[in-house]
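Structure at a glance
If you want the building blocks of each chain, they are given just below.
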There are 2 protein chains.
Amino acid sequence: MATVTCVGIAVMDLLFQVDELPVGGGKFYASNYREIGGGVAANAAVAIARLGGDARLVSRVGDDAVGSRVKADLTSLGVDASQVAAVTDLTTPVSAVLVDSTGERTIVNHTPAELFGGCDTAAASQLADSDGVLVDVRWPDGASAALGAAAAAGIPSVFDFDRPMDNGGGDLLTTATHVAFSREALAATSGTNDPADGLLRMAERTEAWLAVTVGPDGVYWLTDGAIAHLPAFAVEVVDTAGAGDIFHGALALAIAEGDPEDIAIRFASAAAAIKCTRPGGRAGAPSRQEVEEMLKETF
Amino acid sequence: MATVTCVGIAVMDLLFQVDELPVGGGKFYASNYREIGGGVAANAAVAIARLGGDARLVSRVGDDAVGSRVKADLTSLGVDASQVAAVTDLTTPVSAVLVDSTGERTIVNHTPAELFGGCDTAAASQLADSDGVLVDVRWPDGASAALGAAAAAGIPSVFDFDRPMDNGGGDLLTTATHVAFSREALAATSGTNDPADGLLRMAERTEAWLAVTVGPDGVYWLTDGAIAHLPAFAVEVVDTAGAGDIFHGALALAIAEGDPEDIAIRFASAAAAIKCTRPGGRAGAPSRQEVEEMLKETF
């Protein structure tokens, strides 16, 4: 079993169930409310733990009650949260998530600019006995430190490039061994909306292994300079929230365990597909056994 | 100094500062986030404490971390929160409050239906040594119990009728000694948009003293069957959030102290006006000295 260090954001999602998304000023009433831990790297860490891996999260929250709950929640889900720093005088990232009866969401996130800007990255470069690393775009300096440490240690690293960055990815793109884009981030970074073309263009800028997830259209990746494609597993989709994060966590775990990329992609796709059959975010992350059963049924 | 028991809701407001209110699905980013205690009866209790009164709050929250913070916050503001029950398996009322750069707000509140429905009202009828009572519309059974106990004890009671009720107010309207409507609630309950006409119509249904607050147009009330009017104090309005609750808390305190209604109205109007000059909700509630200075300047 592999150990994976995830470096990036942890969030508390504040979910309000409403009949219709509110428009304009005024007072509206929600039929249900829940607080659910989220965040790209945190969700990936939870997915890894649920799949039987040893997951460490290196992150930063505020020195507040929400931050305490974020850490306690991660710990209860089997993630090593000892390197989640509680930063004085800052608030923990939170998102108001308004969900209507059709599942459409208005998400309003607040992350203090100071939380991930110009801060100490020492914790992010301590990879302990990790067999692999995953980073997100929310803490670029931490990601850079972790990817550099992974390269120095000769262990694989997955860069979850799910949102366009002002610098086009910078050194994260060239230091990671594996880069997995969202469709939106690949389009913005490569300058083309076509996933295959986008990957080919990005291959001119980095030697990293490259992939892009395109939701129901599955995954495209480059193998020996050629485009490969795996359609999404055919499942009844209930809720896609968190599916991308689960995909990247499972991908990083499989790669850390030494799987070839083609195998790792199938493993991650199955994990994300199972998650989509379940309501909620990372609460729907599957166990190893569930993923293996889906892979057995399908191939 | 008088003791006032307030019976009704306590809420945690989750404030997200945004450039523009979000429209439709998607992800948006907030520039600031704060958690601020609110709720009609809770705000009134804080206003009373700030004005030097002894404020008790009888309310119900969930047995959760947010509920603990709500109680701790009220206690730190000088309110006796020992009768705020923490109810097992329910969540504390919360509101996502999205505020744009012009101050316009989208408020999405969640209050579990079970929290104030069909629950034990014993605490609401224990008025201890109270000199007055204030109730809101959020906990009708609790309000009814408190108003009944106040009537039996011969102490004055203010019904803050700020939102239309399905039953048109029911026994709350006839058991309270004083009913103070919002413009919206008076219009819905009386069937006319005219504040003066509305009050005259309501006088046919209850013997309680009747008033209505109409924002910048001030307050109308009935005195010996005739309409009286006090314009709002001329102040530079920064933020009206919580002003109504502060008005009602100050009104209940002045009446509990034995002030005639005409004097109590001026006191409450001055308190609400000062609050409007300050950002934030109950954080802007004034001290007794500040109110007395404004009254001195104005008359």
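I will try to describe carefully the structure that is included in this document. (Residues numbered from 1 in each chain as written. Chains lettered and ligands numbered in written order. Predicted model: local features only at pLDDT ≥ 70, side-chain atom pairs only at ≥ 80, totals over all residues. Heavy atoms only, no water.)

Quick look at the overall build of chain A
Along chain A, the regular secondary structure elements total 9 helices and 14 strands. Relative to the globule expectation of 19 Å for 299 residues, the C-alpha radius of gyration of chain A, 18 Å, shows essentially globular dimensions. Expressed along its principal axes, the backbone C-alpha trace of chain A runs to roughly 55 × 45 × 40 Å. A burial count over chain A gives 58% of its 299 residues as buried. Within the structure as shown, chain A displays about 11,700 Å² of accessible surface, and the carbon and sulfur contribution to it stands at 48%. Counting 19 positive and 40 negative side-chain charges, chain A places the averaged centre of each group 4 Å from the other. (Helix = DSSP H or I, 4+ residues; strand = E, 2+ residues; numbered from the N terminus. Rg over C-alpha atoms; globule rule 2.2 N^0.38 Å. Buried < 20%, exposed > 50% of the residue type's maximum accessible area, 1.4 Å probe, protein only. Areas by Shrake-Rupley, 256 points an atom, 1.4 Å probe, with all protein chains shown as cover. Lys, Arg positive; Asp, Glu negative; His and termini not counted. Charge placed at Lys NZ, Arg CZ, Asp CG, Glu CD.)

Some remarks on the side chain of A:T5
Residue and element names in this part refer to chain A. Structurally, the position occupied by T5 is in strand 1 (residues 3-7). The exposure class assigned to T5 is buried, which follows from its relative accessible area of 0%. Other than its neighbours up to four places away in sequence, T5 contacts R56, V58, L127, S130, G132, V133 and L134. (Contact = heavy atoms within 4.5 Å.)

Things to note about the packing of helix 7 (residues 243-256) of chain A against helix 8 (residues 261-276) of chain A
Residue and element names in this part refer to chain A. Closest axis-to-axis distance for the helix 7/helix 8 pair is 8 Å, and the angle between their directions is 150°. By the angle between their axes, helix 7 is roughly antiparallel relative to helix 8. Considering the relative orientation of helix 7 and helix 8, their crossing is right-handed. Side by side, helix 7 and helix 8 meet where A243, I246, F247, A250, L251, A254 and I255 of the first sit next to A264, I265, F267, A268, S269, A271, A272, K275 and C276 of the second. (Axes fitted to C-alpha atoms, helices over the stretch in contact; angles between N-to-C directions. Parallel < 35°, antiparallel > 145°, perpendicular 65-115°, else oblique. Left-handed = near helix turned anticlockwise from the far one by under 90°.)

Describing the interface of chain A and chain B
Between chain A and chain B, the contact holds 33 residues from the first and 33 residues from the second. Buried surface at the junction of chain A and chain B, both sides included, amounts to about 2,700 Å², of which 63% is carbon and sulfur. Considering only the side of chain A, the residues that lose the most area to chain B are A:Y33, A:V108 and A:H110, jointly responsible for 20% of the buried surface there. The tally of links from chain A across to chain B stands at 0 salt bridges. (Buried area = accessible area lost by both parts, 1.4 Å probe. Salt bridge = Lys/Arg side-chain N within 4 Å of Asp/Glu carboxyl O.)

Looking at the relation of the copies chain A and chain B
By a simple turn and slide, chain A fits onto chain B: the slide is 0.0 Å along the axis, the RMSD is 0.0 Å, and the turn is 180°. Taken together, the rotation and translation describe the operation of a two-fold axis. When C-alpha positions in chain A are compared against the rotation axis, the closest is assigned to A:V23, at 3.0 Å. Here 100% of the contact residues of chain A are again contact residues in chain B; the copies associate through an equivalent surface. (Least-squares fit on C-alpha atoms with pLDDT ≥ 70 in both.)

A short note on helix 7 of chain A
Residues and elements named next belong to chain A. Over its 14 residues, helix 7 runs 20 Å from end to end, which matches the ideal 20 Å to within 8%, given 1.5 Å per residue. Burial runs high along helix 7: 13 of the 14 residues are buried. Two residues or fewer after helix 7 comes G258, characterised by a positive phi angle close to 95°. (Expected span 1.5 Å × (residues − 1).)

Examining the environment of A:I227
Residue and element names in this part refer to chain A. Relative to the helices and strands, I227 is located in strand 14 (residues 226-230). Sequence spacing of I227 and F28 is 199 residues, and the spatial spacing of their C-alpha atoms is 48 Å. Not counting the four nearest positions on each side in its chain, I227 is found in contact with A196, L199, L200, Y220, W221 and L222.

What about the nonpolar core?
In summary, soluble globular proteins display a tendency toward joint burial of nonpolar side chains. Core analysis: the biggest nonpolar cluster contains 130 residues, and A:F16, A:L57, A:L251, B:F16, B:L57 and B:L251 have the highest contact counts within it. Each residue touching B:L251, except ones within four places of it in the same chain, is listed here: B:V158, B:A180, B:W209, B:A264, B:I265 and B:A268. (Core = buried A, V, L, I, M, F, W, Y, C linked by side-chain atoms within 4.5 Å.)

Focus on the packing of aromatic side chains
Residues and elements named next belong to chain A. Counted according to the given criterion, the structure contains 8 aromatic pairs over all chains. When the ring of F116 is compared with that of W139, the centres are 5.8 Å apart and the planes differ by 40°; the resulting orientation is tilted. Highlighted residues: F116 in the loop between strand 8 (105-110) and strand 9 (132-135) and W139 in the loop between strand 9 and helix 3 (140-153), separated in sequence by 23 residues. For F116, a relative accessible area of 8% corresponds to the buried category. W139 sits in the buried class, given a relative accessible area of 1%. (Phe/Tyr/Trp six-rings, centres within 6.5 Å; stacked < 30°, edge-to-face > 60°.)

What about the sheet that holds strand 4 (residues 32-38) of chain A?
Read from one edge to the other, the open sheet built from 5 strands follows the order 4(A)-2(A)-7(A)-8(A)-3(B), with strand pairing classed as mixed. Unpaired on one side and paired on the other, strand 4 of chain A together with strand 3 (26-29) of chain B mark the two borders of the sheet. Pairs of neighbouring strands in the sheet enclose a mean axial angle of 20°, with direction left out of account. Strand direction decides the pairing type here: strand 2 (residues 11-17) of chain A and strand 7 (residues 94-99) of chain A, joined by 6 bridges, are parallel. (Pairing = 2+ DSSP bridges.)

Some remarks on a negative patch on the surface
Residues and elements named next belong to chain A. A grouping of D54, D80, D129 and D131 is seen on the molecular surface, where their side chains present a negatively charged patch. Looking at the secondary structure, you find D80 in strand 6 (residues 80-87). Using a relative accessible area of 34% as the deciding quantity, one classes D80 as partly exposed. (Patch = residues over 30% accessible without salt bridge, like charges linked within 9 Å, V, L, I, M, F, W, Y side chains within 5 Å.)

What about the sheet that holds strand 11 (residues 178-182) of chain B?
All names here are of chain B. Ordered by their spatial adjacency, 9 strands build an open sheet running 6-5-1-9-10-11-12-13-14, and the pairing between neighbours is mixed. Every interior strand has two partners, whereas the edge strands, strand 6 (80-87) and strand 14 (226-230), have only one. Taken pair by pair, the neighbouring strands of this sheet meet at an average axis angle of 20°, ignoring direction. Where helix 8 (residues 261-276) meets the sheet, its contacts fall on strand 11, strand 12 (209-213), strand 13 (219-223) and strand 14, and the angle it forms with strand 13 comes to roughly 170°.

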